[in-house]
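Examination of the molecular architecture
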Amino acid sequence: MTAQLAKPFLQLQGVRKVFSRGGMETEVLTDISLDIAEGEFVSIIGHSGCGKSTLLNLVAGLTRVTTGAVLLENREVNEPGPERAVVFQNHSLLPWLTVYENVRIAVDKVFGRTKSRADRHAWTLHNLDLVQMGHAKDKRPAEISGGMKQRVGIARALAMEPKVLLMDEPFGALDALTRAHLQDSVMQIHARLGNTAIMITHDVDEAVLLSDRIVMMTNGPSARVGEVLEVGLPRPRNRLELVSDARYIHAREAVLKFLYERHRFVEAA
Amino acid sequence: MNAMPGRPVLVDPSAGRVPAGGAARTKSQETKVVALRTARSPLSARALATLREAAATVVPPLVMLAALLLIWQLATDKPDASLPSPLKIWTEANDLIVSPFFVYGPQDIGLGWRVLTSLERVAYGFGLAAIVGIVLGAVVGQSVWAMRGLDPIFQVLRTVPPLAWLPISLAAFRDSGPSAVFVIFITAVWPVIINTAVGIRNIPQDYRNVAEVLRLNPLEYFWRIMIPSAAPYIFTGLRIGIGLSWLAIVAAEMLTGGVGIGFFIWDAWNSSRLSDIVVALVYIGVVGFVLDRLVALVGRIATRGTASA
């Protein structure tokens, strides 16, 4: 991919995050430095409690870095914004709005000044169609399945035309079959739109299948970037063909070895 | 019985429509027979089921009511009874029961008019309490310090009975009309504030994050996230509030006088019309019940998305 040769699009420079509560200080992340190119799909993997979600929240601007900096196109990130749209783990759709309205609220907010009413309507429908949810546009979140909700969550994020798409364990709450479907959808959308994407996951197969690079985190507290793996598999990728692909097996093994040999999560045992 | 549901339906419209314009009797009679047969279709079966269900909810209260009236009648059916019996009330206060909206003179009007006057006061007082309560509750719920500072004060003030506010309010407003409205307001506002504040505090972090990523401004956040998310709590507060204001109206009107239902009871007591009082109590009870259900219904419609999240 030529994108990897371009100058860094999103940069994390010596990021450190300390949470303090009632005089107690816990260092969650330390010395995180990472350069992500435009159009790149990066997964962040690690055991639970290692601060993966905190890292994503820092890029999203939902929490502030203690020291260091997050730079997007050389501008510092210090508040949330639609150019860094987030797909939340539990979809976070507003239950009192219909599927359409959930996407429309984002479209109205981002394109309220630049697009006409008719264009915003069309753009909302376009994004729902992108995740194959056009048929359920008038349903409320309570009336659709978990996988469908997550699709709408993705549509809402994509509708903001983000520079970076941030996904916090987007498929974590789904069953295995639905998960595979959605992974394929995300791969197709990424191929079509070429978004820069960061995905938090704890699923090794998912990370290898979707990513250009996998960032492996050490265990917390004071988690840091342990290793970064270039997946290097050609796209488009097909999950069935990859099963017997030597590079896939190698990448998978590398991540597994990192997680379960060198950085075993003792407390989880 | 339902052996041939398909055929009569197919035959019926064509057979029924041709003679409908007023043709021969025999033909319309024929269609009537067919229509009876189609009446056993699933649609009418469903209607029958809902009817049965409605009867199941309506009949037991009616039976209990009849039993209670009977006991009451038996207990007070003596010449020296201190309270009137139902039959005596029926004869003595007949005009009040059968015609709520009569006007015989400036002070001799039906209970319906009196209830409407009281409802108008409640509408002002409760409407004010709803607006102020929701806005104040939103402010208090947003800020930890406002909550810490104000919550104990609210908790103390909300236990003050409606009547206890009346002297102060009369002294402040020097007029009975606004005083009554104020008493309703001050009685109903506390549960609205407290419930709204709790609802705002319970807005899930997810929704706050969504609002932050979308960069909603405070006004948009208030209308699009806060109010819908806290709506179930707000409506709980409003429902308690409307109940309390209906309690307060009677108390307030007993002292301020005028045309309302509360003053009517006080007036009836002063002229020993016990039957009239009983009728007024029934009016108050029914109106209070309807008000409660009305707010509950509005709440159910307004929160149909949120409640099932």
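Residues numbered from 1 in each chain as written. Chains lettered and ligands numbered in written order. Predicted model: local features only at pLDDT ≥ 70, side-chain atom pairs only at ≥ 80, totals over all residues. Heavy atoms only, no water.

1. Quick look at the environment of A:Val28
All names here are of chain A. Here is the rule: In this text, helices come from DSSP runs of H or I with a minimum length of four residues, and strands from runs of E with a minimum of two, each type numbered from the N-terminal end. Any two residues whose heavy atoms approach within 4.5 Å at even a single point are treated as in contact.
Of note, Val28 is situated in strand 2 (residues 24-36). Taking the C-alpha atoms as reference, Val28 lies 9.6 Å from Lys52; in sequence the two are 24 residues apart. For Val28, the residues in contact, after removing those within four places along its chain, are Lys17, Phe19, Cys50, Gly51, Thr54, Pro221, Ser222 and Ala223.

2. Things to note about the side chain of A:Glu40
Residue and element names in this part refer to chain A. The condition is simple: Relative accessibility under 20% of the residue-type maximum defines a buried residue, over 50% an exposed one, and the middle range a partly exposed one, all with a 1.4 Å probe and only protein chains included. Any pair of N or O atoms that falls within 3.5 Å is considered a polar contact. Within protein, one atom must be able to donate a hydrogen and the other to accept it, and sequence-neighbouring residues count only if both atoms are side-chain atoms.
By the secondary structure assignment, Glu40 is in the loop between strand 2 and strand 3 (41-45). On the basis of relative accessibility, which here comes to 1%, the residue Glu40 falls in the buried class. A polar atom in the side chain of Glu40 sits 2.9 Å from the backbone nitrogen of Ala37.

3. Observations concerning the packing of helix 4 (residues 146-159) of chain A against helix 5 (residues 176-193) of chain A
All names here are of chain A. Applied cut-off: For helices, the axis comes from a line fit to the C-alpha atoms of the stretch in contact; other axes are also lines fit to C-alpha atoms, and the angle between any two N-to-C directions lies between 0 and 180 degrees. Note on terminology: angles under 35 degrees are roughly parallel, angles over 145 are roughly antiparallel, angles of 65 to 115 are roughly perpendicular, and the others are oblique. Less than a right angle of anticlockwise turn of the near helix away from the far helix marks a crossing as left-handed, whereas a clockwise turn marks it as right-handed.
Where helix 4 contacts helix 5, the two axes come as close as 10 Å, and the packing angle between them is 15°. Put simply, helix 4 runs roughly parallel to helix 5. Remark: the crossing between helix 4 and helix 5 carries right-handed chirality. Contacts from Gly147, Gln150, Arg151, Ile154 and Leu158 of helix 4 reach helix 5 at Thr178, His181, Leu182, Ser185, Val186, Ile189 and Leu193.

4. Observations regarding the packing of aromatic side chains
What counts is decided by this rule: Ring pairs are drawn from Phe, Tyr and Trp, using the six-membered ring of Trp, whenever the two centres fall within 6.5 Å, and their geometry is named by plane angle: stacked under 30 degrees, edge-to-face over 60, tilted for the rest. Here, a charge over a ring means that NZ of Lys or CZ of Arg falls within 6 Å of the ring centre while also lying within 35 degrees of the ring normal.
Counted under the stated rule, the structure contains eight aromatic pairs over all chains. On the basis of an interplanar angle of 40° and a centroid distance of 6.3 Å, the ring pair of B:Phe182 and B:Phe185 is categorised as tilted. Taken together, the residues B:Phe182 and B:Phe185, both in helix 9 (residues 176-201) and three residues apart, mark about one turn of the helix. Since its relative accessible area comes to 14%, B:Phe185 is described here as buried. Look at B:Phe222 and B:Trp223: their rings are 5.4 Å apart centre to centre, the planes differ by 80°, and that puts the pair in the edge-to-face class. Taken together, the aromatic side chains of B:Phe173, B:Phe182 and B:Phe185 make up a single cluster linked through ring pairs. When the ring centre of A:Trp123 is taken as origin, the NZ or CZ atom of A:Lys115, which lies over that ring, is 4.2 Å away. Across the ring face of B:Trp145, the terminal group of B:Arg148 is positioned such that the distance to the ring centre comes to 4.8 Å.

5. Observations concerning unusual backbone geometry
Residue and element names in this part refer to chain A. The omega angle of the peptide bond from Arg235 to Pro236 is -5°, so this bond is cis rather than trans. If you trace the backbone, Pro236 turns up in the loop between strand 10 (225-230) and helix 7 (239-242). With a phi angle near 50°, Glu73 is a residue other than glycine that sits in the positive phi range. You can see Glu73 is positioned in the loop between strand 4 (67-72) and strand 5 (75-76). Take Glu73: its relative accessible area is 37%, and that puts it in the partly exposed class. With a phi angle near 60°, His91 is a residue other than glycine that sits in the positive phi range. Structurally, His91 can be placed in the loop between strand 6 (84-87) and helix 2 (99-111).

6. Brief notes about helix 8 (residues 246-262) of chain A
All names here are of chain A. Stated formally: By this rule, a helix spans an expected 1.5 Å times one less than how many residues it contains.
Taking 1.5 Å per residue, 17 residues should reach 24 Å; helix 8 reaches 23 Å between its end C-alpha atoms and fits that length. Taken as a whole, helix 8 has its buried residues at Tyr248, Ala251, Ala254, Val255, Phe258 and Leu259. Packing partners of the buried residues in helix 8 comprise strand 3, helix 6 (204-210), strand 9 (213-217), strand 10 and helix 7. Capping the start of helix 8 is the job of one residue whose side-chain oxygen sits 2.8 Å from the backbone nitrogen of Arg247: Asp245.

7. Details of the sheet that holds strand 7 (residues 164-168) of chain A
All names here are of chain A. Under the convention used in this document: Should DSSP find at least two bridges between two strands, the strands are regarded as paired.
Taken in spatial order, the six strands make up an open sheet running 6-7-8-3-9-10, and their pairing is mixed. Both outer strands of the open sheet, strand 6 and strand 10, are each paired with one neighbouring strand and no more. For this sheet, the mean angle separating the axes of adjacent strands, direction not counted, is 20°.

8. Some remarks on the environment of B:Ile200
Residues and elements named next belong to chain B. Here Ile200 lies in helix 9. Given a relative accessible area of 0%, Ile200 falls into the buried group. As for Ile200 and Ala268, which are separated by 68 residues in sequence, their C-alpha atoms are 46 Å apart. In contact with Ile200, other than residues within four places in its own chain, are Gly137, Ala138, Gly141, Gln142, Arg208, Met226 and Ala230.

9. Some thoughts on the pairing of strand 9 of chain A
Residues and elements named next belong to chain A. Most of strand 9 sits out of view: five of its five residues are buried. Residues of strand 9 alternate between two faces, with Arg213, Val215 and Met217 on one and Ile214 and Met216 on the opposite face, all of them buried. Bridge count between strand 3 and strand 9: four bridges; the pairing is parallel. Pairing of Ile45 across the sheet is with Met216, part of strand 9. When strand 9 meets strand 10, the two strands line up antiparallel, connected through five bridges. Opposite Met217, over in strand 10, you have Val225 as the bridge partner.

10. A short note on the interface of chain B and chain A
The following threshold applies: Summed over both partners, buried area is the accessible surface (1.4 Å probe) that two parts give up on being assembled. Salt bridges are defined as contacts in which a side-chain nitrogen from Lys or Arg sits within 4 Å of a carboxyl oxygen from Asp or Glu. Here the nonpolar group is Ala, Val, Leu, Ile, Met, Phe, Trp, Tyr, Cys and Pro; Asp, Glu, Lys and Arg are the charged ones; every other residue, Gly included, is treated as polar.
Each side of the interface is counted separately: chain B has 20 residues, and chain A has 24 residues. Counting the surface lost from both chain B and chain A, the interface buries some 2000 Å², and carbon and sulfur atoms represent 65% of this. It is B:Val213, B:Leu214 and B:Arg215 that lose the most area in chain B upon contact with chain A, and together they represent 34% of the buried surface on that side. There are three salt bridges connecting chain B and chain A. A salt bridge links A:Lys109 to B:Glu220; the nearest nitrogen and oxygen atoms lie 2.8 Å apart. Here chain B is connected to chain A by four residue pairs in polar contact (both at pLDDT 80 or more). Among the elements of the structure, helix 10 (205-214) and helix 11 (218-256) of chain B are those that each provide at least two residues to the side of chain B that touches chain A. Looking at the side of chain B that touches chain A residue by residue, the classes come out as eight nonpolar, six polar and six charged.

These results come straight from atomic positions and should not be treated as a statement about function.
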